Amino acid sequence: MGSAAAQRPHPEIMPLGLLWLGLTLLGALQTQAQASTPNLIPAPPLLKVPLQQDFQDDQFQGKWYVVGLAGNAVSKEEQGKFKMYSTTYQLKEDHSYNVTSILFRDQNCDYFIRTFVPSSQPGQFSLGNIKAYPEVQSYTVRVVATNYHQFAMVFFKKVSKNKEYFKITLYGRTKELTPELKEDFVRFTKSLGLTDDHILFPVPIDKCIDE
């Protein structure tokens, strides 16, 4: 399922907001990312990024909807056109996650599947089988904050071809979150150097992402 999805995306029509997801798995999109984002806002050091205390990996697993998205390769111009997608974390016995994102694009359901491997710090992960992604030098996932049953904010940082890409997702167990949580998300992303031009809230949909 993952390999079939990997053959389908078309870089020329992929909106900037999708670049992060695609770049993780599709090296061919790297050229477009560099052309579209020549002056990336520098990624913050991990020491500036909070980490959820006493992270509970079993409570974090399950389906999350991407309610908010911000990053140095994300463009607010996609607001209103960028469709919501879902990401499901399936905990394995070794405490890594099988992570499946489902997007509705071009009238099809696209699946992106990868593995997040825990680090020595609970709540921080790296990309499993990174050698399968020759364009990716490093990939870090950090759960910033979550109450497990309602929302989560997750920080992602990827180094590819010596360029640093970072994004923050606002996850919801449901497709709608309170204005206060959205405001907290905006404040946090701006504390990392992003601006309103790098923040968007995907349009809720029903197709594919409820599977």
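Quick note: structure is the one above.
Just so we're clear, the structure is a prediction, and the values are computed from it rather than from any experiment.

**Observations concerning the pairing of strand 8 (residues 163–172)**
Consideration 1: Of all ten residues in strand 8, eight are buried, a share of seventy percent or more.
Consideration 2: Here strand 1 (residues 62–71) pairs with strand 8 via six bridges, running antiparallel. Bridged to Gly 71 within strand 8 is Lys 167.
Consideration 3: Across ten bridges, the pairing between strand 7 (residues 151–160) and strand 8 is antiparallel. Residue pairing across strands places Val 159 opposite Glu 164, the latter belonging to strand 8.
Consideration 4: Connecting strand 7 to the next strand, strand 8, in antiparallel fashion are two residues, including Lys 161 with a positive phi near 50°.

**Quick look at the packing of aromatic side chains**
Consideration 1: Per the stated rule, a full pass over the model turns up 17 aromatic pairs.
Consideration 2: Each ring, one from Phe 60 and one from Trp 64, has its centre 5.4 Å from the other, and the planes form 35°; the classification is tilted.
Consideration 3: According to the relative accessible area criterion, Trp 64 is buried, its value standing at 0%.
Consideration 4: Cation over ring: Lys 167 sits above Phe 156, and NZ or CZ is 4.7 Å from the ring centre.
Consideration 5: Note that Lys 182 overlies the ring of Phe 201, its terminal NZ or CZ placed 5.4 Å from the centroid.

**A closer look at the state of the cysteines**
Consideration 1: Under the counting rule described, the total for this entry stands at one disulfide.
Consideration 2: A disulfide bridge connects Cys 109 with Cys 208, and the sulfur atoms are separated by 2.0 Å. A torsion of -80° about the S-S bond marks the disulfide between Cys 109 and Cys 208 as left-handed. Remark: Cys 208 occurs in the segment after strand 9 (199–200) and Cys 109 occurs in strand 4 (residues 108–118); sequence separation between them is 99 residues.
Consideration 3: What makes Cys 208 buried here is its relative accessible area of 9%.

What counts and how
Residues numbered from 1 in each chain as written. Predicted model: local features only at pLDDT ≥ 70, side-chain atom pairs only at ≥ 80, totals over all residues. Heavy atoms only, no water. Buried < 20%, exposed > 50% of the residue type's maximum accessible area, 1.4 Å probe, protein only. Helix = DSSP H or I, 4+ residues; strand = E, 2+ residues; numbered from the N terminus. Pairing = 2+ DSSP bridges. Phe/Tyr/Trp six-rings, centres within 6.5 Å; stacked < 30°, edge-to-face > 60°. Lys NZ or Arg CZ within 6 Å of the ring centre and 35° of its normal. Disulfide = S-S within 2.5 Å.

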